Amino acid sequence: MAKQPQPISPMKNFFAGGFGGVCLVFAGHPLDTIKVRIQTQPKPTPGITPLYSGTFDCFKKTLVNEGIRGLYKGMAAPIIGVTPMFAVCFFGFGLGKKLQQKHPEDILTYPQLFAAGMLSGVFTTAIMAPGERIKCLLQIQAASGEVKYAGPMDCAKQLYREAGIRGIYKGTVLTLMRDVPASGMYFMTYEWLKNVLTPEGHSVSELSVPKILFAGGMAGIFNWAVAIPPDVLKSRFQTAPAGKYPNGFRDVLRELIREEGIGSLYKGFTAVMLRAFPANAACFLGFEVAMKFLNWMAPNL
């Protein structure tokens, strides 16, 4: 296994991760909008064509009806949420790695990197769950044409008025079920690919930009391969009217499989995979660039 450069600093991970998160949102939000619209579109009645026939149809209709701004609907919530969320995510990963090291020079095994990634998933859910709930509601409102919420803050206020803090945190368990294993896969894949792509006798820190982009993009794809089924359930559950699923995700799962079959758990797969590569390539490149800058600026942080 390639040698790890510099002692792990969770604080540097925090700042570099925040910058990576901003890069991810700009690169990936348009396809996220399409993913949510496809996942939550109403089931068509027999003989009626569905609202969107697929990813490209949804993309085309959004562009025609709402222009380029339609693809960036609801982006304020993820920018506000994703920057601290990725900061906390990379901090959790750094902390997970540090906790498993007996000495700063210890090189971690892949199961240890997976465990550190899972810890980062626990860390991010507290920030992620409310942001995801608000984002999904704003994205489907734009598609349905009924304007109930004026924006992210108004949405949060109304949810709080209707059901208190529980209304804002609806879907937290599903967010955990999605993010804990997926984050483990995310970070482990990234570290594994960086090691694989590092030539013999070279340091991982010398990797070229195209190799970092490739490793980051593939990490995103592996992450979402694990995350899509719970993500579909979460989108459904978080956008459902109050009281529709009294037993939580079990009810959503039963309804989906009964009505649309097991394949419905991979709804929005094309949009997710098209987005996962460029968004996560941008994220990890942003992270690595910020990390190099911080190591140069504040080597002892």
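About the thresholds
- Residues numbered from 1 in each chain as written.
- Predicted model: local features only at pLDDT ≥ 70, side-chain atom pairs only at ≥ 80, totals over all residues.
- Heavy atoms only, no water.
- UniProt positions renumbered as here; feature names shortened; annotations may be inferred.
- Helix = DSSP H or I, 4+ residues; strand = E, 2+ residues; numbered from the N terminus.
- Rg over C-alpha atoms; globule rule 2.2 N^0.38 Å.
- Buried < 20%, exposed > 50% of the residue type's maximum accessible area, 1.4 Å probe, protein only.
- Contact = heavy atoms within 4.5 Å.
- Areas by Shrake-Rupley, 256 points an atom, 1.4 Å probe, with all protein chains shown as cover.
- Lys, Arg positive; Asp, Glu negative; His and termini not counted.
- Charge placed at Lys NZ, Arg CZ, Asp CG, Glu CD.
- 1 Å grid on protein atoms, 1.4 Å probe; cavity = no way out; pocket = protein on both sides within 12 Å on 5 of 7 lines; lining within 4 Å.
- Points joined across faces, edges and corners; volume = space filled by probe spheres on them.
- Nonpolar A, V, L, I, M, F, W, Y, C, P; charged D, E, K, R; others polar.
- Axes fitted to C-alpha atoms, helices over the stretch in contact; angles between N-to-C directions.
- Parallel < 35°, antiparallel > 145°, perpendicular 65-115°, else oblique.
- Disulfide = S-S within 2.5 Å.
- Salt bridge = Lys/Arg side-chain N within 4 Å of Asp/Glu carboxyl O.
- Expected span 1.5 Å × (residues − 1).
- Bend = angle between axes of the 7 residues up to and from the residue.

- As recorded by an unreviewed UniProt entry, the protein chain carries the name Mitochondrial carnitine/acylcarnitine carrier protein and is attributed to Xenopus laevis.
- Of the protein chain, the UniProt comment under Subcellular location (unreviewed entry) reads exactly: "Mitochondrion membrane".
- As recorded by UniProt, the Sequence similarities (unreviewed entry) comment attached to the protein chain reads in full: "Belongs to the mitochondrial carrier (TC 2.A.29) family."

1. With respect to the overall build of the protein chain
Next up, step 1: Helix and strand content of the protein chain: 10 helices and zero strands.
Next up, step 2: In the protein chain, the order of α-helices and β-strands from amino to carboxyl end is α-α-α-α-α-α-α-α-α-α.
Next up, step 3: What you see for the protein chain is a C-alpha radius of gyration of 20 Å, in line with the 19 Å of a compact globule of 301 residues.
Next up, step 4: C-alpha extents for the protein chain along the principal axes are approximately 65 × 40 × 35 Å.
Next up, step 5: For the protein chain, the residues scored as buried account for 50% of the 301 residues in total.
Next up, step 6: A separation of at least 24 residues holds for 79% of the contacts in the protein chain among residues at least 6 apart in sequence.
Next up, step 7: Accessible area of the protein chain: about 14500 Å², with a carbon and sulfur share of 68%.
Next up, step 8: The average position of the 31 basic charges and that of the 19 acidic charges among the side chains of the protein chain differ by 3 Å.

2. Some remarks on the layout of surface pockets
Rolled over the atoms, a probe sized like a water molecule indicates the empty space that remains.
Next up, step 1: Space inside the largest pocket adds up to approximately 1100 Å³.
Next up, step 2: Lining the largest pocket are 42 residues, and of these Leu137, Gln238, Thr239, Ala240 and Pro241 lie nearest its centre.
Next up, step 3: Looking at the lining of the largest pocket, the elements that each hand over two or more residues are helix H1 (10-40), helix H5 (110-144), helix H6 (152-168), helix H7 (172-197), helix H8 (209-239) and helix H9 (249-260).
Next up, step 4: Class assignment for the residues of the lining of the largest pocket results in 17 nonpolar, 12 polar and 13 charged.

3. Observations concerning empty space enclosed by the protein
Next up, step 1: Going through the model one piece at a time under the given rule, you end up with one cavity of 30 Å³ or more.
Next up, step 2: Approximately 550 Å³ is the volume found for the largest cavity.
Next up, step 3: Lining the largest cavity are 31 residues, and of these Met85, Phe86, Met128, Glu132 and Arg275 sit closest to its centre.
Next up, step 4: Going through the elements one at a time, H1, helix H4 (76-99), H5, H7, H8 and helix H10 (269-297) are the ones with two or more residues in the lining of the largest cavity.
Next up, step 5: Classifying every residue of the lining of the largest cavity gives 16 nonpolar, eight polar and seven charged.

4. Notes on the packing of H8 against H9
Next up, step 1: Between H8 and H9, whose axes approach to 10 Å, the crossing angle comes to 105°. Judged by the inter-axis angle, H8 sits roughly perpendicular to H9. In this structure, H8 contributes Val232, Leu233, Arg236 and Phe237 to the contact, and H9 contributes Val252, Leu253, Glu255, Leu256 and Glu260.
Next up, step 2: Partitioned by chemical class, the residues of the contact of H8 with H9 number six nonpolar, no polar and three charged.

5. A word on the UniProt feature "transmembrane region" (unreviewed entry) in the protein chain
Next up, step 1: UniProt records the feature "transmembrane region" (unreviewed entry) for residues 75-95 and 107-129 in the present numbering.
Next up, step 2: Taken end to end, residues 75-95 is 95% helix and 0% strand, and its two terminal C-alpha atoms sit 29 Å from one another.
Next up, step 3: With 87% helix and 0% strand, residues 107-129 has its two end C-alpha atoms placed 33 Å apart.

6. Brief notes about the state of the cysteines
Next up, step 1: By the definition in use, this model includes zero disulfides.
Next up, step 2: With no disulfide of its own, cysteine 23 lies closest to cysteine 283 among cysteine sulfurs, the gap being 7.5 Å.
Next up, step 3: No disulfide involves cysteine 136; its sulfur sits 10 Å from the nearest other cysteine sulfur, which is in cysteine 155.
Next up, step 4: By relative accessible area, cysteine 136 is classed as buried at 1%.

7. A short note on the pattern of salt bridges
Next up, step 1: Taken as a whole and assessed by the stated rule, the structure comprises 19 salt bridges.
Next up, step 2: Among the salt bridges present, the one from lysine 61 reaches aspartate 57, with a minimum N-O distance of 3.1 Å. Separated by four residues within a single helix, lysine 61 and aspartate 57 lie in helix H2 (residues 55-66), roughly one turn from each other.
Next up, step 3: Judged by relative accessible area, which is 32%, lysine 61 ranks as partly exposed.
Next up, step 4: On the basis of relative accessible area, aspartate 57 is assigned to the buried category, the value being 15%.
Next up, step 5: Put simply, Asp32, Lys35, Glu132, Lys135, Arg178, Asp179, Asp231, Lys234 and Arg275 are held in one network by salt bridges that share partners.

8. Quick notes on H5
Next up, step 1: Taking 1.5 Å of rise per residue, the 35 residues of H5 would be expected to cover 51 Å, yet its terminal C-alpha atoms sit only 45 Å apart, more than 12% below that figure.
Next up, step 2: At threonine 125, H5 is bent by approximately 50°, the largest bend along its length.
Next up, step 3: The positive-phi residue at the C-terminal boundary of H5 is glycine 145, with phi of around 85°.

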